[in-house]
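In case you want the letters, here they are:
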Amino acid sequence: MTRTLPEAPFGAPTLRAAGRRRRRIVLAALLVVALAVTAFVVRRLLDDTDRDYLSANGWPVVGQGAYQVGNATPRAGGDEHAAPIASLAKVMTALVVLKERPLDAGAKGPTIVVTGTDVADTERRRRRDESVVDVALGERLTERDALMALMLPSANNVAAMLARYVSGSVPGFVDEMNRTARHLGLDDTTYTDPSGFDPHTVSTARDQLVLAKVAAHDDTLAEIMSTPRYRLPVAGVVRNTDTLLGHAGFVGMKTGSDDAAGGCFMFRAYRSIDGVNTEIIGVVLGQHGHQLITAGLYAAKQLVDQLAPDPAHP
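Residues numbered from 1 in each chain as written. Predicted model: local features only at pLDDT ≥ 70, side-chain atom pairs only at ≥ 80, totals over all residues. Heavy atoms only, no water.

Caption draft 1: Structural detail: the overall build of the chain. Counting its secondary structure elements, the chain contains nine helices and eleven strands. By the burial criterion, 47% of the 314 residues in the chain qualify as buried. Restricting the contact set of the chain to residue pairs at least 6 apart, pairs at least 24 apart contribute 65%. When the accessible surface of the chain is summed, it comes to about 15,800 Å², and 57% of that surface belongs to carbon and sulfur atoms. (Helix = DSSP H or I, 4+ residues; strand = E, 2+ residues; numbered from the N terminus. Buried < 20%, exposed > 50% of the residue type's maximum accessible area, 1.4 Å probe, protein only. Contact = heavy atoms within 4.5 Å. Areas by Shrake-Rupley, 256 points an atom, 1.4 Å probe, with all protein chains shown as cover.)

Caption draft 2: Quick look at helix α6 (residues 170-183). Under the 1.5 Å per step criterion, the end-to-end length of α6 is 20 Å for 14 residues, consistent within 8% with the ideal 20 Å. Of the residues flanking the start of α6, the one acting as N-cap is serine 169, its side-chain oxygen 3.1 Å from the backbone nitrogen of glycine 172. Just beyond α6, the residue with positive phi is glycine 185, at close to 80°. (Expected span 1.5 Å × (residues − 1). Polar contact = N/O pair within 3.5 Å; in protein donor to acceptor, adjacent residues only side chain to side chain.)

Caption draft 3: Molecular detail of the sheet that holds strand β1 (residues 64-69). Spatial ordering of the open sheet is given by β2-β1-β11-β10-β9, a layout of five strands whose pairing is antiparallel. In the strand order of this sheet, the two ends are held by β2 (75-78) and β9 (250-258), each with one partner. Neighbour-to-neighbour, the strand axes of the sheet open up by a mean angle of 15°, direction not taken into account. With six bridges joining them, β1 and strand β11 (residues 276-287) adopt antiparallel strand pairing. When the sheet's bridge partners are listed, glutamine 64 is paired in β11 with leucine 285. (Pairing = 2+ DSSP bridges. Axes fitted to C-alpha atoms, helices over the stretch in contact; angles between N-to-C directions.)

Caption draft 4: Looking closely at the packing of aromatic side chains. Counting across every chain of the model gives three aromatic pairs. On the numbers, 5.8 Å between centres and 40° between planes, the contact of phenylalanine 265 with phenylalanine 267 is tilted. Residue classification places phenylalanine 265 among the buried residues on the basis of a relative accessible area of 0%. Three or more aromatic residues joined by ring pairs make a cluster, and in this case those are Phe250, Phe265 and Phe267. Over the face of the ring belonging to tyrosine 165 we find arginine 101, whose NZ or CZ atom lies 5.3 Å from the ring centre. (Phe/Tyr/Trp six-rings, centres within 6.5 Å; stacked < 30°, edge-to-face > 60°. Lys NZ or Arg CZ within 6 Å of the ring centre and 35° of its normal.)

Caption draft 5: Quick peek at the environment of threonine 93. Relative to the assigned elements, threonine 93 resides in helix α2 (residues 89-100). The spatial distance from the C-alpha of threonine 93 to the C-alpha of alanine 160 is 9.6 Å, given a sequence separation of 67 residues. Those residues in contact with threonine 93, other than ones at most four positions away along the chain, are Leu150, Phe173, Met177 and Pro194.

Caption draft 6: Here's a closer look at the nonpolar core. Core analysis: the biggest nonpolar cluster contains 58 residues, and Leu147, Met151, Leu162 and Tyr191 have the highest contact counts within it. Here the element with the most residues in this core is α2; it accounts for eight residues. Ignoring sequence-local partners within four residues, the contact set of leucine 162 consists of Val97, Ile112, Ala146, Leu147 and Leu150. One finds Trp59, Tyr67, Phe267 and Ala269 within the second-largest nonpolar core, a separate group that totals 16 residues. (Core = buried A, V, L, I, M, F, W, Y, C linked by side-chain atoms within 4.5 Å.)

Caption draft 7: The pairing of strand β7 (residues 229-232), seen in detail. Side chains of β7 alternate between two faces, with Tyr230 and Leu232 buried and Arg229 and Arg231 left unburied. Examined bridge by bridge, β7 and strand β8 (residues 236-239) share four bridges and lie antiparallel to one another. Note on β8: the bridge partner recorded for arginine 229 is arginine 239. Here β7 folds back onto β8 in antiparallel fashion, the turn holding three residues.

Caption draft 8: Structural context of the pattern of salt bridges. Enumeration over the complete set of coordinates arrives at 14 salt bridges. Across the pair arginine 125 and glutamate 130 runs a salt bridge, and its minimum N-O distance is 3.0 Å. What makes arginine 125 buried here is its relative accessible area of 12%. In this structure, arginine 144 engages glutamate 223 in a salt bridge whose closest nitrogen and oxygen atoms are separated by 3.7 Å. Of this pair, arginine 144 sits in helix α4 (residues 143-151) while glutamate 223 sits in helix α8 (residues 219-225), and the two are 79 residues apart along the sequence. On the accessibility criterion, arginine 144 (4% relative accessible area) is buried. With relative accessibility at 30%, the residue glutamate 223 sits in the partly exposed group. Each member of the salt-bridge network shares a partner with another, and the members are Asp121, Arg124, Arg125, Arg128 and Glu130. (Salt bridge = Lys/Arg side-chain N within 4 Å of Asp/Glu carboxyl O.)

Caption draft 9: Structural context of unusual backbone geometry. A positive phi angle is found at alanine 248, which is not glycine, with a value near 55°. Take alanine 248: it is sitting in the loop between β8 and β9. Positive phi, close to 55°, is recorded for aspartate 274, a residue that is not glycine. Within the secondary structure, aspartate 274 is located in the loop between β10 (262-273) and β11. The exposure class of aspartate 274 is exposed, given its relative accessible area of 78%.

Remember, this is a structural readout, not a statement about activity or role.
Here it is in structure tokens:
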């Protein structure tokens, strides 16, 4: 006699499959939630905007700062001593370049051809995790291109290229940087390289404020420092590391950051004071935070907000 197996209840396999699908959906949803929570926590840990230690009553808790409101007497505070300034050194580099090779506002200027030495130097700096922009053998950069690469994405390799372009050698250019510093009365400032990567390039906030005022009133350099983005022949579009540019009255100048210098920012902003649109120029050095550039930017903003409240966030 033939025996037949009992037929499985109708729908049983479908129920098991549906159960598996539900479990997968639940697990996927839990994974999405976990990733979102992790991303939020990481962003919060890296976000310096609400860190109370960035400044106290406007002045930085750590490091040092200096500012001038309009034509009033300059003020400085904090731990005033010669300290590493990172890429703020590039402001002096740009001024020396423009002094030796003047460039009218809007003009492109002479052409700098990228050499094998420049390419090898770029790769060496890249291996040291320095800030660089891509270059190619034979690439033709105008002087304006090179200054934009120097000031916006803060390219150390282009700082060396400009030094060789102006003085024939980096040491010769650094000598001119220091002569210019002495001429401006920057007695606590020493430059040892054109990029600021060397921690022996040092200054004070008070000295850098003097330099900032000179830079702010150089029309070509001020124009460059107020540029949010620029296209280079090989590197493509590069962006200004000053993310305050165009916000809360900030019109530019230069960021700097590394482990030795902390977060640094030379800034220029305009705020309404007693009904008058007033220039505020300043510098903060040695700021601490999870993101050093952000720490410098927000220390400067808190200082400016203390001097003249942001009308958008009174």
